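Residues per chain are reported as follows:
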Amino acid sequence: MWNEEIECMSREDIFELQLKKLQATVKRAFDKIPFYTEKYTNANVFPEDIETLKDIEKLPFLTKDDLRACYPFGMFAVDKKEIIEVHSSSGTTGKPVVSGYTQGDIDNWGEIVARGLTMMGLDEDDIIQNTHGYGLFTGGFGVHYGAHRLGATIIPISTGQTRRQVEIMADFGTTCLIFTPSYGIYLGEVAKEEGIDFEKLGLKAIGFGAEMWTAEMRDRIEETFKTKAYNIYGLTELMGPGIGMECCAQNGLHIAEDFFYPEIIDPNTGNTLPEGTHGELVLTNLERESMPIIRFRTKDLTALHYDTCECGRTLARMERITGRSDDMIKVKGVAVFPSQIEKALLKVSDIEPHYQIIVTRPDIMDEIEIKVEASEALFSDDIKEMMGVKRKIGEYIQNEIGIAVNVSLVAPKSIPRSTKGKIQRVIDKRNLH
């Protein structure tokens, strides 16, 4: 283990440590960040009201809209000169969410990910090929800092250049690959074309995340690369990858509970749910200098377990994410919102503002189809005109969300309407359970 004292701490000691850190975090946020001062005062809750861990339920939730309202630096609890690094979300539905880091935060991030890499069986002798993107996205950097903390060699190759990836893998003696599941499948196919024998290459582990996946997909990855594949979970808002990582048991992701306090709530009522019950994950930073995030609604659906793992760790285990409590979908690692599709469609004439997003996984790769109603005039026009409109829709949507989609033009008034509230825009047919 990387840090046995923490990773095998008794539940009573974990709770005691979390309470002390939570009390300090809430006071610091209230004193240093005007947003929290106003929010908590309006809710009539104050730092001294947090006497037990259950008292966290007195605090209002935090959402992405709250963070966007504080763009860019309104959530910082330190002077900007102490911020040495900034990341952000894509900002696909408005202002991006900005995440700042002090040197202490970077050190803690490395510690968290180093624990996870150790869970995967890695040490200072390993060579980690990191295909996650570098830049404002946190994925590449989280693994990078964890590898440094572990003392392993990191190859920061980022995404793309797939044949070059295969060449590097073979020439450099890569022992661990980090990728999204969909890119991993493609990488495996190219490696096979290039004649790579993974039995001889000797990979020790795969780390994968940033997409929802099935047990069958994990099986395919492990069969392709001839090694175990371990799930990684993270959020830009809280830190980045490493919040939860799988151990050798592959029975849930261990949450670094000395840095994050997890809750599961009913997404409709906001009430806290008991252990083992599926609901929405809520996370709180317990030790973050730059910008403490308290009771953030992740929208990710999962369950928590607190029994001791067969690996010996006592840290809470989170089941893999199998859905969302909002209308966001993740396709090929990309967050897609119906509002983005709508924005693209509104730029195209000869179609009606009625559409459906259908996501399927016929094999391993996700596919996304956009059904759009043609106007009466277009539907009665010649096929050439309709094909031109389909191409235009596809181009506009790809420009908006960054991935290609299949477009189907359907007859006017053929897409169901809703007279009882929210229209069902997204139909997710993937079996993610």
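Look a little higher up for the structure.
Below: a short report on this structure. (Residues numbered from 1 in each chain as written. Predicted model: local features only at pLDDT ≥ 70, side-chain atom pairs only at ≥ 80, totals over all residues. Heavy atoms only, no water.)

## Describing the sheet that holds strand β7 (residues 229–235)
Right, on to step 1. One open sheet holds the 9 strands; their spatial order is β4-β3-β5-β6-β7-β8-β9-β14-β13, and the pairing between them is mixed. The open sheet has two free edges, formed respectively by β4 (153–155) and β13 (304–305), since each of these has just one partner strand.
Right, on to step 2. Against the sheet, helix α10 (residues 215–225) engages β5 (176–179), β6 (205–209), β7 and β8 (240–246), with an angle of about 125 degrees to β7. (Pairing = 2+ DSSP bridges. Helix = DSSP H or I, 4+ residues; strand = E, 2+ residues; numbered from the N terminus. Contact = heavy atoms within 4.5 Å. Axes fitted to C-alpha atoms, helices over the stretch in contact; angles between N-to-C directions.)

## Let's talk about the packing of helix α5 (residues 103–119) against helix α6 (residues 139–150)
Right, on to step 1. For the pair α5 and α6, interaxial distance at closest approach is 7 Å and the crossing angle is 80 degrees. By the angle between their directions, the pair α5 and α6 is classed as roughly perpendicular. Residue-level contacts link Ile-106, Trp-109, Gly-110, Glu-111, Val-113, Ala-114, Leu-117 and Thr-118 of α5 to Phe-141, Gly-142, Val-143, Tyr-145, Gly-146, Ala-147, Arg-149 and Leu-150 of α6.
Right, on to step 2. Grouping the constituent residues of the contact of α5 with α6 by class yields 10 nonpolar, 4 polar and 2 charged. (Parallel < 35°, antiparallel > 145°, perpendicular 65-115°, else oblique. Nonpolar A, V, L, I, M, F, W, Y, C, P; charged D, E, K, R; others polar.)

## Considering the side chain of Arg-295
Right, on to step 1. With respect to the helices and strands, Arg-295 occurs in the loop between β11 (279–285) and β12 (296–302).
Right, on to step 2. Classification of Arg-295 by relative accessible area gives buried; the value is 2%.
Right, on to step 3. Sequence-distant contacts of Arg-295, defined by excluding residues within four places in its chain, comprise Ile-56, Glu-57, Leu-59, Pro-60, Phe-61, Leu-62, Glu-263, Ile-265, Thr-272, Val-282, Leu-283 and Thr-284. (Buried < 20%, exposed > 50% of the residue type's maximum accessible area, 1.4 Å probe, protein only.)

## Re the sheet that holds strand β10 (residues 260–265)
Right, on to step 1. The 3 strands are arranged β10-β11-β12 in an open sheet whose pairing can be described as antiparallel. Two strands close off the open sheet at either side, each with one partner strand: β10 and β12. Going across the sheet, the axis of each strand differs from the next one's by a mean of 30 degrees, ignoring polarity.
Right, on to step 2. Two elements, β11 and β12, share 4 bridges in a ladder whose sense is antiparallel. When the sheet's bridge partners are listed, Leu-283 is paired in β12 with Phe-296.

## Concerning the packing of aromatic side chains
Right, on to step 1. For the structure shown, the criterion picks out 11 aromatic pairs.
Right, on to step 2. A connected cluster of aromatic rings, assembled from ring pairs, spans Tyr-101, Trp-109, Tyr-134, Phe-141 and Tyr-145.
Right, on to step 3. The aromatic ring of Phe-259 is capped on one face by Lys-21, whose charged end is 5.2 Å from the ring centroid.
Right, on to step 4. One Lys or Arg, Arg-297, reaches over the ring of Phe-61 and ends 5.5 Å from the middle of that ring. (Phe/Tyr/Trp six-rings, centres within 6.5 Å; stacked < 30°, edge-to-face > 60°. Lys NZ or Arg CZ within 6 Å of the ring centre and 35° of its normal.)

## Comments concerning the pairing of β10
Right, on to step 1. Extensive coverage of β10 is indicated by the burial of 6 of its 6 residues.
Right, on to step 2. Covered by surrounding structure in β10 are Phe-260, Pro-262 and Ile-264 together with Tyr-261, Glu-263 and Ile-265, the residues of both alternating faces.
Right, on to step 3. Note: β10 against β11, 6 bridges, orientation antiparallel. Bridged to Glu-263 within β11 is Val-282.

## Concerning α6
Right, on to step 1. Compared with the 16 Å implied by 1.5 Å per residue over 12 residues, the 17 Å span of α6 between its first and last C-alpha is a close match.
Right, on to step 2. Taking burial as the measure, the 12 residues of α6 include 9 buried ones, the bulk of the element.
Right, on to step 3. Within α6 the residues assigned to the buried category are Gly-139, Gly-140, Gly-142, Val-143, His-144, Tyr-145, Gly-146, Ala-147 and Leu-150.
Right, on to step 4. In the stretch just after α6, Gly-151 is the one whose phi turns positive, near 95 degrees. (Expected span 1.5 Å × (residues − 1).)

## As for the packing of helix α8 (residues 181–193) against α10
Right, on to step 1. At a minimum axis separation of 10 Å, α8 and α10 run at an interaxial angle of 35 degrees. Here the hand of the crossing between α8 and α10 comes out left-handed. Only Met-217, Arg-220, Ile-221, Thr-224 and Phe-225 of α10 make contact with α8, whose side of the interface consists of Pro-181, Gly-184, Ile-185, Leu-187 and Gly-188.
Right, on to step 2. Classifying every residue of the contact of α8 with α10 gives 6 nonpolar, 3 polar and 1 charged. (Left-handed = near helix turned anticlockwise from the far one by under 90°.)

## Section: a negative patch on the surface
Right, on to step 1. On the surface, a cluster of negative charge is made up of Asp-79, Glu-82, Asp-107 and Glu-289.
Right, on to step 2. Mapping Asp-107 onto the fold places it in helix α5. (Patch = residues over 30% accessible without salt bridge, like charges linked within 9 Å, V, L, I, M, F, W, Y side chains within 5 Å. Areas by Shrake-Rupley, 256 points an atom, 1.4 Å probe, with all protein chains shown as cover. Salt bridge = Lys/Arg side-chain N within 4 Å of Asp/Glu carboxyl O. Lys, Arg positive; Asp, Glu negative; His and termini not counted. Charge placed at Lys NZ, Arg CZ, Asp CG, Glu CD.)

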